[in-house]
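# Observations on the three-dimensional arrangement
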Amino acid sequence: MRLPRGSILIVASHNPGKVREIKALLGPHGIEPVSAGDLKLPEPEETGLTFAANAELKARAAADSGGHAALADDSGLSVDALDGAPGIYSARWAGPTKDFRIAMARVEKELKDRGVRDAKAHFTCALSLAMPHGEMKTFLGEVHGRLTFPARGTHGFGYDPIFIADGMDQTFGEIDPHVKHAMSHRAKAFEKLLHSHIFDESL
Ligand code: IMP
């Protein structure tokens, strides 16, 4: 699987922030990212049972309907004592108003109900790259740590204010966002993608 300089890459996300981030990462490799939103491609339903399955179905749908290579990601928080929940349902636990105070309160309550105090957890990011009607590769990144309550910090998003990575004292909501971005599950999955020799490395 190779994507030479000048290739178009569909970023299978309707989130302009993600598209900007990927543009910055792939720009030096001569890749031209366009968003699935700009191409008005339909968003498939996330029916997979794993992060990888959901990333793959999004990448596959965008590549096949858009006619160019496509990149998609799926991510979330898995709590050991909750058998991996919220997992692929991480976004859905925040409800229709996407309020993560609700999602974090649910995690806290479910841990309390099970009598768990020191909850091990990890974030996962699955990143899939699909060629139209062709090959597909998936890269996984994880960051491990534990949860703390009450939530602390105003940086980041989602479950960041209750997550403390291994070796740290502060939550992802408290640390400098640059520090988080350098060590996150997303950074690790992207690192694997960039080291996969799929892109032109003659910078
Ligand atoms: P996705 O956009 O479908 O991958 O949604 C993933 C969900 O997982 C987000 O809405 C967040 O709730 C959660 N999540 C993923 N990555 C992070 C992170 O870095 N910090 C906090 N929450 C995250």
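Placed above this text is the structure.
Cut-offs and rules
Residues numbered from 1 in each chain as written. Predicted model: local features only at pLDDT ≥ 70, side-chain atom pairs only at ≥ 80, totals over all residues. Heavy atoms only, no water. Axes fitted to C-alpha atoms, helices over the stretch in contact; angles between N-to-C directions. Helix = DSSP H or I, 4+ residues; strand = E, 2+ residues; numbered from the N terminus. Parallel < 35°, antiparallel > 145°, perpendicular 65-115°, else oblique. Left-handed = near helix turned anticlockwise from the far one by under 90°. Contact = heavy atoms within 4.5 Å. Nonpolar A, V, L, I, M, F, W, Y, C, P; charged D, E, K, R; others polar. Near = heavy atom within 4 Å. Polar contact = N/O pair within 3.5 Å; in protein donor to acceptor, adjacent residues only side chain to side chain. Areas by Shrake-Rupley, 256 points an atom, 1.4 Å probe, with all protein chains shown as cover. Expected span 1.5 Å × (residues − 1). Buried < 20%, exposed > 50% of the residue type's maximum accessible area, 1.4 Å probe, protein only. Arc of directions from axis to C-beta.

### Observations concerning the packing of helix α1 (residues 16–26) against helix α5 (residues 185–194)
For the pair α1 and α5, interaxial distance at closest approach is 12 Å and the crossing angle is 40 degrees. In this view, α1 runs oblique relative to α5, as classed from their interaxial angle. Our pair here, α1 against α5, has a crossing hand that is right-handed. Each of E21, I22, L25 and L26 in α1 lies in contact with α5, whose residues at this interface are R186, F190 and L194. Split by residue class, the contact of α1 with α5 holds five nonpolar, no polar and two charged.

### Considerations on the site of the ligand
Around the ligand, the surrounding shell holds 15 residues, and the nearest of these are S75, F100, D160, K180 and R186. Within the contact set of the ligand, an oxygen atom lies 2.9 Å away from a backbone nitrogen or oxygen of S75. Contact between the ligand and K180: an oxygen atom at 2.7 Å from a side-chain N or O atom of the residue. For the ligand, whose accessible area on its own is 490 Å², the fraction buried by protein is 87%. At the level of elements, β3 (69–79) and α5 are the ones that each hand at least two residues to the shell around the ligand. It is β3 that provides the largest number of residues to the shell around the ligand, a total of three residues. Each residue belonging to the shell around the ligand can be placed in one class, and the counts come to five nonpolar, five polar and five charged.

### Structural notes on helix α3 (residues 100–113)
Taking 1.5 Å per residue, 14 residues should reach 20 Å; α3 reaches 20 Å between its end C-alpha atoms and fits that length. Within α3, burial applies to A103, M104, V107 and L111. Down the axis of α3, the smallest arc covering the buried residues is 95 degrees, so these residues share one side. Facing away from the buried side of α3, by more than 90 degrees, are the exposed residues R101, K109, K112 and D113. Those residues of α3 hidden inside the fold are in contact with β3, β4 (119–130) and β5 (136–147). Here α3 starts with a cap whose side-chain oxygen sits 2.9 Å from the backbone nitrogen of R101, and that cap is D99. G115 sits one or two residues past α3 and shows a positive phi near 70 degrees.

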